[in-house]
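Okay, here's what each chain looks like letter by letter:
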Amino acid sequence: MKTRWYKDAVVYQIYPRSFCDSNGDGIGDLRGIISKLDYIKGLGVDAVWLSPIYKSPNDDNGYDISDYRDIMDEFGTMSDFKELFDGLHSRGIKLIMDLVANHTSDEHYWFSESRKSVDNPYRDYYIWRKGRGKDGRKPPNNWTSSFGGSAWKYDETTKEWYLHLFSRKQPDLNWENPKVRKEIADICNFWMDMGVDGFRCDVITYISKKSGLPDGKFNLIFCGEEQYVVGPRYHEYIKELNAESWSKYDSFTVGEAAGITLSNAYDCIDESVAELDTVFSFEHLCVDMYFMVIPHRFSLTKFKKVLDSWQALPNTCQNTLFLENHDQPRSLGRFTGNYSGHRYEAATALAVAMQLQRGTPFVYQGQEIGMTNCRFTDDEYQDIMFRQIMNIVKYIPFGKSIARYCFSRRARDHARTPMQWNARENAGFSSAKPWMKVNPNYKFINVDKDLAEEKSIYKFYAKLHAYRKGNEAIIDGDYKDICPNNRNIFAYERKCGGKRLLVIVNFKNKAVKFNLPEEYANSKAELELSNYRGGGIFMPNMRLRPYEAAVYSLKSQG
Ligand code: NOJ
């Protein structure tokens, strides 16, 4: 029986490699997470999403799995996993695993078999094609990998090409093969039988490719997406997986849905379709990036327009509310502009603006203490995406400089610097040199310091999570943007039954005047939450302080 517990839940994402290292090898691990369970509990979250912890050669930090039923050596053992899992459950926190099922590692047994011969029983687990051109030495189509370059790799053994929408060490699975679909359902059941509460499904919208794998339209950077985003058999596959696995448990599934649009979202997540419970759409994160990679100016009105459009989905479709994850730069600065002098206010303003919309909020590790982007030299970047793209652009005039600029704003590495626990060596993340550069600002941005401050971002998040809990107007209430064209303020009403809330957030690092729309101007209101001591004053012509965020409960209408 599905209880849909996720409707009133906040999820905390952990990127295990960068969270906490317990054994001094410079790499975060499961026992490190175990040591921080009370910290996680204190944040008032209901579930943890763990980025992949399975066996992996780590070409893409665990998103290349070589054994779905075992734990990565650096992270620990199955018994550590069980302890972590029990520790979470005993604190009333659920556990969501990362299901990477569009592709495996090329070191997975299925792929090592598959590449052996054209008639190997596992051949059809992957997408193999003959090449084009007289000698078959040209890739079968023009699709590009999300990490740059062709999405095909030629394999000498059988003289055919295999598809990899990510790195060449991440061959795409062939979901047309029912055996593959059964394997994935079995893997889900394996973890859910153990008690895992759900899955974040990696690039799940890519699993069904158009038959014949036709050439894609070139869009300046990437090519082919329209041939596989929510492809022809996508719904059939997800319905089947839901029937064979997820629906048998009180699970929560969230799909990473790159390329999804509002027009196909309903068919993917409405309760009636029995597919995914919700998706991550990235439309709101594209407002300051062309093609998700080329930075440009952030516009609050465009940002609100996208978020408002997703809020307009019916109540039977659950949204996700997030600004950060392990693939995104940090949100402070990105959506607030220069926040100098008001770090606390800026971080908490973003939290309020996002979390009080309708949907399930996700908080990414470090966001709760206001961690920021970092500066990297070429050698310090760790991400395969950086290395691969630099290799390609080196042939283009100014290519490297342009790419460096883009990465300084956009790199996935920004989110992956080690968690900053304290001001001691390596930010308290590890006793050894961490696998990845520690952001030098750890001396003044760290958990210990944040918790000791009166203006603690972590404590504000905890308060916000407690405020959301069981609050019907927030969970199920109607949503209305009350000033969509205002370039400084994000303000919306939430309404459920007789309860009406106004959420008002100043996105600027300066005082801003805000004239309440007429319909609210004569209302009486009580302040329920604020990121300023002493709160704000509700009146027709308000003056909001830098990054001031306030929630009012409307008492009556004049
Ligand atoms: C999306 C994941 O979030 C990202 O980190 C990964 O590189 C790709 N999918 C490939 O699995």
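Residues numbered from 1 in each chain as written. Predicted model: local features only at pLDDT ≥ 70, side-chain atom pairs only at ≥ 80, totals over all residues. Heavy atoms only, no water.

A. Structural view of the environment of Ile204. Considering the arrangement of structural elements, one finds Ile204 in the loop between β9 (198-201) and α6 (234-244). Through-space distance from the C-alpha of Ile204 to that of Ser331 is 25 Å; in sequence the pair is 127 residues apart. (Helix = DSSP H or I, 4+ residues; strand = E, 2+ residues; numbered from the N terminus.)

B. Representation of a nonpolar patch on the surface within the structure. A cluster of nonpolar side chains, Leu220, Tyr290 and Phe291, forms an exposed patch at the surface whose accessible area comes to about 320 Å². Position of Tyr290 relative to the elements: it lies in strand β12 (residues 289-290). The class of Tyr290 is partly exposed, set by a relative accessible area of 46%. (Patch = residues over 30% accessible without salt bridge, like charges linked within 9 Å, V, L, I, M, F, W, Y side chains within 5 Å. Areas by Shrake-Rupley, 256 points an atom, 1.4 Å probe, with all protein chains shown as cover. Salt bridge = Lys/Arg side-chain N within 4 Å of Asp/Glu carboxyl O. Buried < 20%, exposed > 50% of the residue type's maximum accessible area, 1.4 Å probe, protein only.)

C. Representation of the nonpolar core. In terms of nonpolar packing, the biggest core is built from 165 residues, with Tyr12, Ile40, Phe81, Trp246 and Phe303 touching the most fellow members. Ranked by residues supplied to this core, first place goes to helix α9 (residues 343-355) with nine residues. Grouped together as the second largest cluster of nonpolar side chains are 16 residues, Phe538, Met542, Ala550 and Leu554 included. (Core = buried A, V, L, I, M, F, W, Y, C linked by side-chain atoms within 4.5 Å.)

D. View of the site of the ligand. Taken together, 13 residues are adjacent to the ligand, and Asp60, His103, Asp202, His326 and Asp327 come closest. Within the contact set of the ligand, an oxygen atom lies 3.0 Å away from a side-chain nitrogen or oxygen of Arg200. Between Asp202 and the ligand, the recorded distance is 2.7 Å, taken from a side-chain N or O atom to an oxygen atom. Considered on its own, the ligand offers 300 Å² of accessible surface; in the complex 98% of this is hidden by protein. Residues belonging to the shell around the ligand are distributed by class as follows: four nonpolar, two polar and seven charged. (Near = heavy atom within 4 Å. Polar contact = N/O pair within 3.5 Å; in protein donor to acceptor, adjacent residues only side chain to side chain. Nonpolar A, V, L, I, M, F, W, Y, C, P; charged D, E, K, R; others polar.)

E. Layout of the packing of aromatic side chains. Overall, the coordinates contain 43 aromatic pairs when judged by the stated rule. Taken together, a centroid distance of 5.4 Å and an interplanar angle of 65 degrees make the contact between Trp110 and Tyr125 edge-to-face. On the criterion of sequence distance, the pair formed by Trp110 in helix α4 (residues 109-114) and Tyr125 in the loop between α4 and β6 (128-129) is long-range, its members being 15 residues apart. Residue classification places Trp110 among the buried residues on the basis of a relative accessible area of 7%. Taken together, the aromatic side chains of Tyr54, Tyr68, Phe81, Phe85, Tyr109, Trp110, Tyr122, Tyr125, Phe190 and Trp191 make up a single cluster linked through ring pairs. It is Arg17 that lies over the ring of Trp435; its NZ or CZ is 5.0 Å from the centre. Above the face of the Trp128 ring, Arg123 is positioned so that its terminal group lies 3.8 Å from the ring centre. (Phe/Tyr/Trp six-rings, centres within 6.5 Å; stacked < 30°, edge-to-face > 60°. Lys NZ or Arg CZ within 6 Å of the ring centre and 35° of its normal.)

F. Up close: empty space enclosed by the protein. As enumerated under the stated definition, the model contains five cavities of 30 Å³ or more in all. Around the largest cavity, the lining residues are Val279, Ser281, His284, Val306, Leu307, Trp310, Gln311, Asn319, Thr320, Leu321, Phe322 and Gln357. Of all the secondary structure elements, the ones that give two or more residues to the lining of the largest cavity are α8 (300-311) and β14 (320-321). The element that contributes the greatest number of residues to the lining of the largest cavity is α8, accounting for four residues. Its residues assigned to classes, the lining of the largest cavity shows six nonpolar, six polar and no charged. Together, Leu321, Phe322, Leu323, Leu350, Ala351, Met354, Gln355, Pro361, Phe362, Val363, Gln367 and Tyr461 line the second largest cavity. Put simply, the parts of the chain that give the lining of the second largest cavity at least two residues each are α9 and β15 (360-364). Looking at the lining of the second largest cavity, the element that brings in the most residues is α9, giving four residues. Taken together, the residues that form the lining of the second largest cavity break down as ten nonpolar, two polar and no charged. (1 Å grid on protein atoms, 1.4 Å probe; cavity = no way out; pocket = protein on both sides within 12 Å on 5 of 7 lines; lining within 4 Å. Points joined across faces, edges and corners; volume = space filled by probe spheres on them.)

That is the geometry; function is a separate question.
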